[in-house]
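Chain and residue survey
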Amino acid sequence: MRMTRSRATGAILTAFAILAAACSGSGGGAPITVSSFDFGESVILAEIYAQALEANDYPVERQLRLGSREIVKPALENGDIDLVPEYVGSALEVGFGEEPSSNGEETRVKLAAAFEPLGVSV
């Protein structure tokens, strides 16, 4: 399956936004737990973020190949993991049953609003 530019951008936007939230809350000492879904592309993206954090002196723990959204989403909501690269459209549609927009920023805003009551920053 070939990734379209908008899907790639969506993954980067979401992961980058969650990354910023995780970094600001780390206090410089607590490890940031980076996770991924159980497929290769997700693992690679998570590893890129983990290495970027480590290169900037953040302590990192990895929980790669954690599983499907049914496992990863509750782990994120419970604070068991801090960062997971995700496609905004897929997270909105599968995680919340809402239709994503063709506009990546609009979809990101909808996803952030859906996650807000759960204490997860996008």
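Within any chain, residue numbers begin from 1 and follow the written order of that chain's sequence. Where totals are concerned, whole chains, interfaces and linings use all residues; where local detail is concerned, this predicted model gives features only for residues with pLDDT of at least 70, and gives and counts side-chain atom pairs only at 80 or more. As a convention, hydrogens and water are excluded, and side-chain values are obtained from all of the structure's heavy atoms.

1. Considering unusual backbone geometry
Cut-off, in case you're wondering: Starting at the N terminus, helices and strands are each numbered in turn, a helix being any DSSP run of H or I of at least four residues and a strand any DSSP run of E of at least two. A simple rule labels every residue: compare its accessible area, found with a 1.4 Å probe on the protein chains alone, to the largest value its type can have, and call it buried under 20%, exposed over 50%, or partly exposed in between.
With a phi angle near 65 degrees, D57 is a residue other than glycine that sits in the positive phi range. Tracing the backbone through its elements, the reader meets D57 in the loop between α2 (40–55) and β2 (60–67). Even without a glycine there, the phi angle at R65 is positive, about 60 degrees. Note that R65 resides in strand β2. Under the relative-accessibility criterion, R65 is labelled partly exposed at 45%.

2. Remarks on the pairing of β2
Where a strand is regular, its side chains alternate between the two sheet faces. Stated formally: Two strands qualify as a pair provided that DSSP identifies no fewer than 2 bridges between them. Look down the strands so they point away from you; if going from the first strand over the helix to the second traces a clockwise path, that crossover is right-handed.
Summarising the sheet, strand β1 (residues 32–37) and β2 pair through 5 bridges and their orientation is parallel. By the bridge assignment for β2, V34 is matched with R62. With respect to chirality, the unit in which β1 leads through α2 into the neighbouring parallel β2 is right-handed.

3. Points about the pattern of salt bridges
Opposite charge on two side chains permits them to pair, given that their charged atoms come into close proximity. Here is the rule we go by: Salt bridge criterion: a side-chain nitrogen from Lys or Arg within 4 Å of a carboxyl oxygen from Asp or Glu.
In the structure shown here, the tally under the stated rule is 6 salt bridges. Here R62 ties to E54 by a salt bridge, and the two come within 2.9 Å at their closest N and O atoms. On the basis of relative accessibility, which here comes to 32%, the residue R62 falls in the partly exposed class. Residue class for E54 comes out partly exposed when judged on its relative accessible area of 33%. Salt bridges linked by common partners bring E47, E54 and R62 together as one network.

4. Notes on the nonpolar core
Note the cut-off: The criterion is simple. A nonpolar core is a set of buried Ala, Val, Leu, Ile, Met, Phe, Trp, Tyr and Cys residues joined through side-chain atoms within 4.5 Å.
Ranked by size, the top nonpolar core spans 14 residues in total, and within it V72, L76, I81, V84, L111 and F115 carry the most contacts. Counting only elements with at least two residues in this core, the list comes to α3 (69–77), α4 (88–96) and α5 (104–115). V34, Y49, A50 and L83 belong to the second-largest nonpolar core, a separate cluster that totals 8 residues.

5. Some points on the confidence of the model for the protein chain
The condition is simple: By definition, pLDDT measures how confident the predictor is in each residue, and it falls between 0 and 100. A contact between two residues is defined here by any heavy atoms of the two lying within 4.5 Å.
Across the protein chain, pLDDT averages 84, with 77% of residues at or above 70. Every residue in residues 19–27 is under pLDDT 50, and counting partners more than four places away or in other chains gives 11 contacts.

6. A short note on empty space enclosed by the protein
Our working rule: Grid points spaced at 1 Å and placed over the protein atoms alone form the basis of the search, with a cavity being a set where a 1.4 Å probe fits but cannot get out and a pocket an open set showing protein on both sides within 12 Å along at least five of seven lines. Lining residues have an atom within 4 Å of a point. Grid points are joined across faces, edges and corners, and a volume is the space filled by probe spheres set on the points. Under the convention adopted here, Pro, Cys and the residues Ala, Val, Leu, Ile, Met, Phe, Trp and Tyr are nonpolar, Asp, Glu, Lys and Arg are charged, and Gly plus all remaining residues are polar.
Under the definition given, this model contains 2 cavities of 30 Å³ or more. Space inside the second largest cavity adds up to approximately 60 Å³. Considering the residues around the second largest cavity, the lining is formed by 10 residues, among which F39, S42, L45, P85 and Y87 are closest to the centre. For the lining of the second largest cavity, the element with the most residues is α2, which contributes 3 residues. Here the lining of the second largest cavity is composed, by residue class, of 6 nonpolar, 1 polar and 3 charged.

7. Overview of the packing of α4 against α5
Heads up, the condition is: Note on geometry: axes are lines fitted to C-alpha atoms, helical ones only across the stretch in contact, with angles between N-to-C directions running from 0 to 180 degrees. Oblique is the label for every angle not falling under 35 degrees (roughly parallel), over 145 degrees (roughly antiparallel), or within 65 to 115 degrees (roughly perpendicular). Crossing handedness follows the turn of the near helix against the far one: under a right angle anticlockwise gives a left-handed crossing, and clockwise gives a right-handed one.
Where α4 contacts α5, the axes come no closer than 9 Å and their chain directions differ by 40 degrees. The angle between the axes of α4 and α5 places the two elements in the oblique class. Here α4 and α5 pass one another in a crossing that is left-handed. On the side of α4, the interface is formed by V88, G89, A91, L92 and F96, while α5 contributes G104, T107, R108, K110, L111, A114 and F115. Among the residues forming the contact of α4 with α5, the class breakdown is 7 nonpolar, 3 polar and 2 charged.

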